Amino acid sequence: MEKAEKEWGRIRAGRRARKRKRMGVLSNKVDRLELKPGDHIYSWRSGYVYAHHGIYTGDGEVIHFTRGGGQEMGTGTVLDRLLASSMPPPRAAACESCGDQSAAEGVVASCLDCFLAGGDLYLFLYAASPALFLAKVRGGTCTLAAADPAEEVLHRARFLLARGFGAYDLFRNNCEDFAMYCKTGLLVTTGYGVGRSGQWGCVVSAASAVAGSPLRFLTTGAAGLSLITGGIYCLNRVVSDIGVRRDVVKLPVEDLVSTHLRPRQIPAVIN
């Protein structure tokens, strides 16, 4: 009987692995029963305008980083209403597990339902092949970088839940940056550009492809222009990924919290 149970467990594990492989090619959508502690998950917000990211810790709990209170952009303008808060709106009855987290900010722990806020569940992919990475035209869904073991991921997430992850910054220190740091321990050291977030890297790559290259003047045809623009976009996405960038360092979470440094100051501490 025990042998049969082990064999059935092996079969189910193989099925899950094959399902995740197919999911990576077609879609990152995943069933919550497929989740494992340490997974980087996300859910689209505001009609697929952007995604909110977090680390699944098991038992239906997610640790994530948010500005909260409807201030995702942090501008105090209509832009904050355009990008709805990463936290769910106030409800008549607070969640039995989380309470009312509509105004929560910083690193917080929520149940999976509150994290999703009615959206679908997706799994962020690590160690993606270059072909798969480029096939995922929209950023913020995968990276070329490899993930660390689940134990290290969970340690970082829980440590930051207790100590914080600094000030929320939509461009350089957002929810995706938090989740990617938990998974890899990598930090961007330069003081310019964007952080680890693939979503903003995608936006910057698109803007650069459209307006930043003189190569677009080499052709006037629509097909040639599209080819050049698409090529520049793909190249920019690859070189901005943390699996390729040279301006990243691996920093233990204890050092990250104890120094409270900005990314451009990190190399001085390491050296």
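Every value quoted in this text rests on a predicted model; they were computed, and no experiment measured them. (Residues numbered from 1 in each chain as written. Predicted model: local features only at pLDDT ≥ 70, side-chain atom pairs only at ≥ 80, totals over all residues. Heavy atoms only, no water.)

## Focus: the overall build of the chain
Scanning the chain from terminus to terminus reveals ten helices and seven strands. Buried positions account for 45% of the 271 residues belonging to the chain. Taking all contacts inside the chain whose residues are at least 6 apart in sequence as the whole, residues at least 24 apart take part in 61%. Accessible area for the chain stands at about 14,200 Å²; split by element, carbon and sulfur atoms hold 59% of it. (Helix = DSSP H or I, 4+ residues; strand = E, 2+ residues; numbered from the N terminus. Buried < 20%, exposed > 50% of the residue type's maximum accessible area, 1.4 Å probe, protein only. Contact = heavy atoms within 4.5 Å. Areas by Shrake-Rupley, 256 points an atom, 1.4 Å probe, with all protein chains shown as cover.)

## Some points on the pairing of strand S3 (residues 61–66)
In terms of burial, S3 is largely enclosed, as five of its six residues are buried. Pairing of strand S2 (residues 50–58) with S3, which is carried by four bridges, proceeds in the antiparallel orientation. Within S3, the position partnered with Tyr-56 by the bridge is Val-62. Connecting S2 to the next strand, S3, in antiparallel fashion are two residues, including Asp-59 with a positive phi near 55°. Sheet topology places S3 next to strand S4 (residues 106–111); six bridges connect them, and they run antiparallel. Looking at the pairing, His-64 lines up with Val-108 of S4. (Pairing = 2+ DSSP bridges.)

## Thoughts on the confidence of the model for the chain
Looking at the chain, pLDDT values average 75 and 59% of them are 70 or higher. Between the elements of the chain, mean pLDDT differs from a low of 50, seen in helix H10 (residues 266–270), to a high of 97, seen in helix H5 (residues 150–163). Here residues 261–265 is modelled with pLDDT under 50, and outside its nearest four sequence neighbours on either side it reaches eight contacts, counting other chains as well. (pLDDT = per-residue confidence, 0-100.)

## Some thoughts on the pattern of salt bridges
Counted according to the given criterion, the structure contains six salt bridges. One salt bridge connects Lys-250 with Asp-148, and the closest N-O pair in it is separated by 2.8 Å. A residue pair is termed long-range when its members are at least 10 positions apart, and Lys-250 in strand S7 (residues 248–250) and Asp-148 in the loop between helix H4 (130–135) and H5 qualify at 102 residues. According to the relative accessible area criterion, Lys-250 is partly exposed, its value standing at 46%. Counted as one network, the salt bridges with shared partners bring together Asp-148, Glu-152, Arg-156 and Lys-250. (Salt bridge = Lys/Arg side-chain N within 4 Å of Asp/Glu carboxyl O.)

## Considerations on the pairing of strand S1 (residues 40–45)
In terms of burial, S1 is a largely internal element, six of the six residues being buried. Residues of S1 alternate between two faces, with His-40, Tyr-42 and Trp-44 on one and Ile-41, Ser-43 and Arg-45 on the opposite face, all of them buried. In this sheet, strand S5 (residues 122–123) lies alongside S1 in antiparallel orientation, the contact comprising two bridges. Counted as the bridge partner of Ile-41 is Leu-123 from S5.

## Considerations on helix H6 (residues 175–184)
Most of H6 sits out of view: ten of its ten residues are buried. Taken residue by residue, H6 has Cys-175, Glu-176, Asp-177, Phe-178, Ala-179, Met-180, Tyr-181, Cys-182, Lys-183 and Thr-184 as its buried positions. Between a side-chain oxygen at the N-terminus of H6 and the backbone nitrogen of Glu-176 the separation is 3.0 Å; the capping residue is Asn-174. Gly-185 sits one or two residues past H6 and shows a positive phi near 75°. (Polar contact = N/O pair within 3.5 Å; in protein donor to acceptor, adjacent residues only side chain to side chain.)

## Topic: the environment of Thr-184
With respect to the helices and strands, Thr-184 occurs in helix H6. Not counting residues within four places of it along the chain, the set of residues in contact with Thr-184 comprises Tyr-126, Ala-145, Ala-146, Asp-148, Arg-156, Ile-242 and Lys-250.

## Quick look at the environment of Arg-32
Position of Arg-32 relative to the elements: it lies in the loop between helix H1 (2–26) and S1. Considered as a pair, Arg-32 and Leu-123 are 91 residues apart in the sequence and their alpha carbons are 9.8 Å apart. Non-local contacts of Arg-32, meaning those with residues more than four positions away in its chain, are made with Leu-112, Asp-113, Leu-116 and Leu-121.

## Observations regarding the packing of aromatic side chains
Scanning the model with the defined rule gives nine aromatic pairs in all. On the basis of an interplanar angle of 80° and a centroid distance of 6.4 Å, the ring pair of Tyr-42 and Phe-124 is categorised as edge-to-face. With Tyr-42 in strand S1 and Phe-124 in the loop between S5 and H4, this pair connects stretches of sequence that are 82 residues apart. Given a relative accessible area of 2%, Tyr-42 falls into the buried group. Of the residues examined, Phe-124 reaches a relative accessible area of 4% and is grouped as buried. (Phe/Tyr/Trp six-rings, centres within 6.5 Å; stacked < 30°, edge-to-face > 60°.)

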